[in-house]
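An overview of the molecular structure
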Amino acid sequence: MLEDGSLVRHNKTGYEGLIDGQTSLRLWFTGNKECEFQYRVKFPNQDKRLIAPEEDLTLLKAPVIKPKRKYSSPPS
């Protein structure tokens, strides 16, 4: 399963973009219509998104996850 924000390349057409969620609207599916969902792929600096099944995508870079900062109370 690909995480939101992952950089991917489409294996057949070669476009690259970021995973921007999932869709279960089969009308938009571009591949196997038997799967539960396909990924929305967003193009950087654009509003354009395409739909692709996971088997058509290659992960180029996982999203950077910033660690949550822990705050401690000052000593009393």
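Relevant structure appears above.
Let me begin by describing the structure that accompanies this report. (Residues numbered from 1 in each chain as written. Predicted model: local features only at pLDDT ≥ 70, side-chain atom pairs only at ≥ 80, totals over all residues. Heavy atoms only, no water.)

1. Some points on the overall build of the chain
Counted only if it meets this: Numbered from the N terminus, helices here are DSSP runs of H or I no shorter than four residues, and strands are runs of E no shorter than two. Buried, partly exposed and exposed residues are distinguished by accessible area as a fraction of the type maximum, computed with a 1.4 Å probe on protein chains only: under 20%, between the cut-offs, and over 50%, respectively. Contacts between residues were defined by any pair of non-hydrogen atoms, one from each residue, lying within 4.5 Å. Here, Shrake-Rupley sampling with a 1.4 Å probe gives the accessible areas, and only protein chains in the shown set may cover a residue.
Looking only at helices and strands, the chain features 0 helices and 5 strands. For the chain, the sequential pattern of α-helices and β-strands runs β-β-β-β-β. When each of the 76 residues of the chain is scored for burial, the buried share is 28%. For the chain, long-range pairs separated by at least 24 residues make up 40% of all intrachain contacts whose partners lie at least 6 apart in sequence. For the chain, the accessible surface area stands at approximately 6,000 Å², while carbon and sulfur atoms represent 52% of it.

2. Here we look at the pattern of salt bridges
Counted only if it meets this: Each reported salt bridge corresponds to a side-chain nitrogen of Lys or Arg within 4 Å of a carboxyl oxygen of Asp or Glu.
In total, this model carries 3 salt bridges according to the counting rule given. The partner of D20 in a salt bridge is R49, and the shortest N-O contact between them spans 2.4 Å. Linking D20 in strand β2 (residues 16–23) with R49 in strand β4 (residues 49–52), this pair joins segments that are 29 residues apart in sequence. What makes D20 partly exposed here is its relative accessible area of 24%.

3. Some remarks on the sheet that holds strand β1 (residues 7–10)
As a reminder of what qualifies: We call two strands paired when DSSP finds no fewer than two bridges between them. Interaxial angles span 0 to 180 degrees and are taken between N-to-C directions of axes, which are lines fitted to C-alpha atoms, for helices over the stretch in contact.
Read across the sheet, 5 strands follow the order β4-β3-β2-β1-β5 without closing on themselves; strand pairing throughout is antiparallel. Lying at the two open borders of the sheet, with one neighbouring strand each, are β4 and β5 (57–61). Going from strand to strand, the sheet's axes swing by 45° on average, the running direction of each strand aside. Pairing of β2 with strand β3 (residues 38–42) involves 4 bridges; the strand directions are antiparallel. Paired with L18 across the strands is K42, a residue of β3.

4. Describing a nonpolar patch on the surface
Put simply, the test is: Patch definition: residues with relative accessible area over 30% and no salt bridge; like charges joined within 9 Å; nonpolar side chains (Val, Leu, Ile, Met, Phe, Trp, Tyr) joined within 5 Å.
A cluster of nonpolar side chains, contributed by L25, L27 and W28, occupies part of the molecular surface with about 380 Å² of accessible area. Mapped onto the elements of the fold, L25 is located in the loop between β2 and β3. Exposure remark for L25: the relative accessible area of 46% places this residue in the partly exposed category.

Just geometry here; none of it tells us what the structure is for.
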